[in-house]
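Working through the structure, step by step
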Amino acid sequence: MATERYNPREVEPRWQKQWTEDKIFETQNDDPREKYYVLEMFPYPSGRIHMGHVRNYAMGDVVARFKRARGYNVLHPMGWDAFGMPAENAAMKNKIHPKNWTYENIATMRGQLKSMGLSLDWSREFATCDVEYYQHQQALFIDMMEKGLVYRKNSKVNWDPVDMTVLANEQVIDGRGWRSGALVEQRELTQWFFKITDFAQDLLDQLDHLDQWPEKVRLMQRNWIGRSEGLTLRWAVVAETAPTGIDEISVYTTRPDTLFGASFLAISADHPAAKAAAEKDPAIAAFCEECQHAGTSLAALETAEKKGMDTGIRVTHPFDDNWQVPVYIANFVLMDYGTGAIFGCPSGDQRDLDFANKYELPIVPVVLPTGMSEDAFTVTTEAYAGDGTMINSRFLNGLDTETAFQTVADKLSSTLLNGAPQAERKVNFRLRDWGISRQRYWGCPIPVIHCEVCGVVPVPKKDLPVKLPDDVTFDVPGNPLDRHPTWRHVGCPQCGKPARRETDTMDTFVDSSWYYTRFTAPWETQPTDVAAANAWLPVDQYIGGIEHAILHLLYSRFFTRAMRETGHVGLAEPFKGLFTQGMVVHETYSRGEGAQREWIEPAQIRIEEIDGKRRALLLDGGDEVAIGAIEKMSKSKKNVVDPDDIIASYGADTARFFVLSDSPPDRDVIWTEAGVEGAHRFVQRVWRLVSESAEQMMSVVSNPAKEGEALALSRAAHRTLMQVQGDYERLAFNKAVARIYELVNALAQPLTTIAAGKADQAMVEAGKNAVEILLHIIAPMTPHLAEECWRVLGNSGLIAQATWPSYDESLVAENEITLPVQINGKKRADLTIARDAGQSQIEEAVLALDSVKAALDGKAPRKIIVVPQRIVNVVV
RNA sequence: GCGGACGUGGCGAAACUGGUAGACGCAAGAGACUUAAAAUCUCUCGGGCUUGGCUCAUACGGGUUCGAUCCCCGUCGUCCGCACCA
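Here the structure is a predicted model, which is why all the values come from computation and not from measurement.

Observations concerning helix α17 (residues 551-565)
- Look at α17: 21 Å from first C-alpha to last across 15 residues, which is about the 21 Å you get at 1.5 Å a residue.
- With 12 of its 15 residues buried, α17 lies for the most part within the structure.
- Of all the positions in α17, only His552, Leu553, Leu554, Tyr555, Ser556, Arg557, Phe558, Phe559, Thr560, Arg561, Ala562 and Met563 are classed as buried.
- Gly567 sits one or two positions beyond α17 and adopts a positive phi of about 80°.

Okay, here's the thing in structure tokens:
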């Protein structure tokens, strides 16, 4: 009867081997059962998995195993988001080829994931840097080109003159390249763009129907798309002030109602009128230059002074030919939003007001806040941007802002200027088209050829893939594809003359925008097997970090739409359910101050409590170090715990169980050594209780008790089964864990009695039934432990393939309930009564209680409130 | 600046979204077993008091309600997203 301690180092690999040999997680597309697609955001192969991965994949695995037990045909695949800059950085630093670096990392991380015992279908695995994958991405690109969803245009980019590359905005820190530290220049380059703005309205509208997404994410996307309704309004330039070729300036406004409050126009330094004015006036040219070199960093934007310069240009007010308005170049006007020009109404916009005060422009209040008198209302330093009644606005006076908006829009839409309507209603989006050109080697080559005669020619599909050449060097900065001796030279597919390949590669976000579709038929010779994609998609449950709330998820939503337009899938929304998990965080330890500060790894520390205060001491030498803030695990703060170490010392089940317990899954979880030990104690306890009693239970039938001593045990098991089932459906893993602890606590006594051979037949049968339920509900979280316990109970099959048990209704429902009894809203007593007792029966019983009698003191109660199955409140 | 979320014991958190506040875990304390330690088991564990009971307590101040951690108004604090978007 005495059993050994549970040894995960021996047990876990054994079951992993069995699962692999039996191929039980390999999913068939022709399986007739109802489908369920669960997916965790695939990892970037940076080198080793971290605790964030463990948490992410543990959650997905619980869902996959649970749904499988519930009878679904579950698709749970894994792959690698394998293109990107770190591989090239490693190449430059360590003289290793990006391809080797990447595939070596994948091999390492695959092994690590396998040691977690995840129920993944490894037969569908791929990496985005596999030619077999990116060739299809190139085909998609060509199809999208044909549908007009791809185009080229000149665009301003952040250019790092040292690394000789374009940088993303996130890679520019305080105006300098994040790697080189060089001052970043603004350069105009011809870049490839995806027309995501074609779908702006639909991407916005469909957010309302994504009801299994976190509200937070939907809101972030809504803001990012940034829809606004307004007017483009053309202002005639006063002829004698006009630069060459400029006879009107078009502005975008969401507040045409405030048109009579206009005191200036402001245009971007990149606006054609500004450029024209600059040609004539060196001072203006100098100002434009200054605007263009202004820092793009957050700090620079925050503190940047609003600056402007009068161009000398004057425009005529749309409603008054005798009213001239000055045109300024302003450093805060963006060329790529609206028309690159605005009209300023100082009384209604704080920024316009600051500008007007600085350059002594008129401030005319035009909107009177409701409930204020016109005499008392002035605008000096604080603008009023709200709604109200129009004043100082001629024919608009007395109208509300909304009516005034429509009046102005109607009038100017039917007024002609230079032969066209002076204004047009216009919906604008903040969302910009997606620039995908990257001047990098380690990415998917953009499959086009530049021919001097034919222009831009897509690579014919029969010539795909455009493979990355292997023989590249990284000893000098810049894009190795650009300086490759032969790769870029190619014959034009149309005219046959010498031409050159596009050397830009695609943004890695393109790779991750459709991988979930590829998983549905990774063997297919086309990008997708449409039938398979339509059958599996949408992903029922997608799980990943909140950091992808906007870009990855929005790009994927766009891509599915683009793939629908090109006939590769039949739906628009790829992810039905989305869950954003919290991070794994850890205390930080350090010694020293300021620049001398040295961060210390948790593995080198032991925690002791001295005089009631937690202290961190170095293992080596025992010096005390400072305990710092709890932060996201990061290499720089050294507060990382390596999953390999945890799995080696405690096993995968303990690691999985711990990251799922304690914190709600969408919140951060604090990694502590004590917490892990707690999880490990649980694993050991379950093993001990089950293995010690298994021999007694092995030969009996599993049977819940309906009466007698064992009833409580059966009730606890079946109630827990019902609750945990609900918790898993809602991804409330922490609650499931709490209830499982409760059940194990309830099982401890009976199982000990059974193990000692002192229990009667009914108890042993009920015990076996309860243990089986326990194993089923822990199996998704701690699959190896469940499998091992399942075996010692005498089962020959795998619990990973067993069907989820159903709970017995009669054991879940209580015949008698205990109602709390309140007097004036404060709990004073309990009342145990039949579950189906009627209102009057309950009232009678309540009035008979001693404490109620005492409180009433012979008087009748004012009111008795009975909430069925909940509570009774007596109002005295 | 705009938008959003959150605030409950020493700590992570529960409370079926208006019905017994603190389940479960961690930490701590006491005890049992042991030559000893580990492991295991039992008990205590928000504050106060006149302690078999009463009372206060869910950031703070109000309100609605028979009843508020939950709804409403205000204040403070923390975190997140966007950020010159016209």
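Structural notes on the packing of helix α1 (residues 8-22) against helix α24 (residues 783-792)
- The interhelical angle for the contact between α1 and α24, taken along N-to-C directions, is 85°, at an axis separation of 9 Å. With respect to each other, α1 and α24 are oriented roughly perpendicular. Side by side, α1 and α24 meet where Val11, Glu12, Arg14, Trp15, Gln16 and Trp19 of the first sit next to Pro783, His784, Glu787, Glu788 and Arg791 of the second.
- Of the residues that constitute the contact of α1 with α24, the class distribution is 4 nonpolar, 2 polar and 5 charged.

Structural notes on the UniProt feature "binding site: ATP" (unreviewed entry) in chain A
- What UniProt calls "binding site: ATP" (unreviewed entry) maps, in this numbering, to Lys635.
- Positionally, Lys635 belongs in the loop between β32 (624-632) and α18 (643-649).
- Using a relative accessible area of 74% as the deciding quantity, one classes Lys635 as exposed.

Topic: the nonpolar core
- Phe141, Phe194, Tyr515, Phe559, Trp671, Tyr728 and Ile740 are the most contacted members of the largest nonpolar core, which totals 179 residues.
- In contact with Trp671, not counting residues within four places along its chain, are Met51, Val584, Val585, His586, Met633, Val641, Ile646, Phe658, Val659 and Val676.
- The next biggest cluster of nonpolar side chains, apart from the first, holds 39 residues, and it includes Phe260, Ile284, Cys288 and Val315.

Digging into the sheet that holds strand β2 (residues 73-75)
- Across the sheet, 4 strands lie side by side as β2-β1-β26-β27; this open sheet has parallel pairing. Every interior strand has two partners, whereas the edge strands, β2 and β27 (578-581), have only one. Pairs of neighbouring strands in the sheet enclose a mean axial angle of 20°, with direction left out of account.
- Pairing geometry for strand β1 (residues 35-40) and β2, over 3 bridges, is parallel. What sits directly across from Tyr37, in β2, is Leu75.

What to know about the protein's contact with RNA strand B
- Near RNA strand B you find 52 residues, and of these Thr254, Lys306, Phe332, Arg351 and Asn873 are the closest.
- Sugar plus phosphate: this is where 61% of the atoms of RNA strand B within 4 Å of the protein reside.
- Taking Thr254, its main chain carries an N or O atom lying 2.5 Å from a sugar or linking oxygen of RNA strand B.
- One of the side-chain nitrogen or oxygen atoms of Asn745 is found 3.3 Å away from a phosphate oxygen of RNA strand B.
- Here the element with the most residues in the surface near RNA strand B is helix α22 (residues 733-755); it accounts for 6 residues.
- Per-class residue counts for the surface near RNA strand B are 21 nonpolar, 12 polar and 19 charged.

Quick word on the pattern of salt bridges
- Inspection of the entire model under this criterion finds 41 salt bridges.
- When the shortest N-O distance is used, the salt bridge between Arg124 and Asp121 registers 3.0 Å.
- Owing to a relative accessible area of 1%, Arg124 belongs among the buried residues under this scheme.
- When its relative accessible area of 1% is taken as the criterion, Asp121 is described as buried.

What counts and what doesn't
Residues numbered from 1 in each chain as written. Chains lettered and ligands numbered in written order. Predicted model: local features only at pLDDT ≥ 70, side-chain atom pairs only at ≥ 80, totals over all residues. Heavy atoms only, no water. Helix = DSSP H or I, 4+ residues; strand = E, 2+ residues; numbered from the N terminus. Expected span 1.5 Å × (residues − 1). Buried < 20%, exposed > 50% of the residue type's maximum accessible area, 1.4 Å probe, protein only. Axes fitted to C-alpha atoms, helices over the stretch in contact; angles between N-to-C directions. Parallel < 35°, antiparallel > 145°, perpendicular 65-115°, else oblique. Contact = heavy atoms within 4.5 Å. Nonpolar A, V, L, I, M, F, W, Y, C, P; charged D, E, K, R; others polar. UniProt positions renumbered as here; feature names shortened; annotations may be inferred. Core = buried A, V, L, I, M, F, W, Y, C linked by side-chain atoms within 4.5 Å. Pairing = 2+ DSSP bridges. Near = heavy atom within 4 Å. Polar contact = N/O pair within 3.5 Å; in protein donor to acceptor, adjacent residues only side chain to side chain. Salt bridge = Lys/Arg side-chain N within 4 Å of Asp/Glu carboxyl O.

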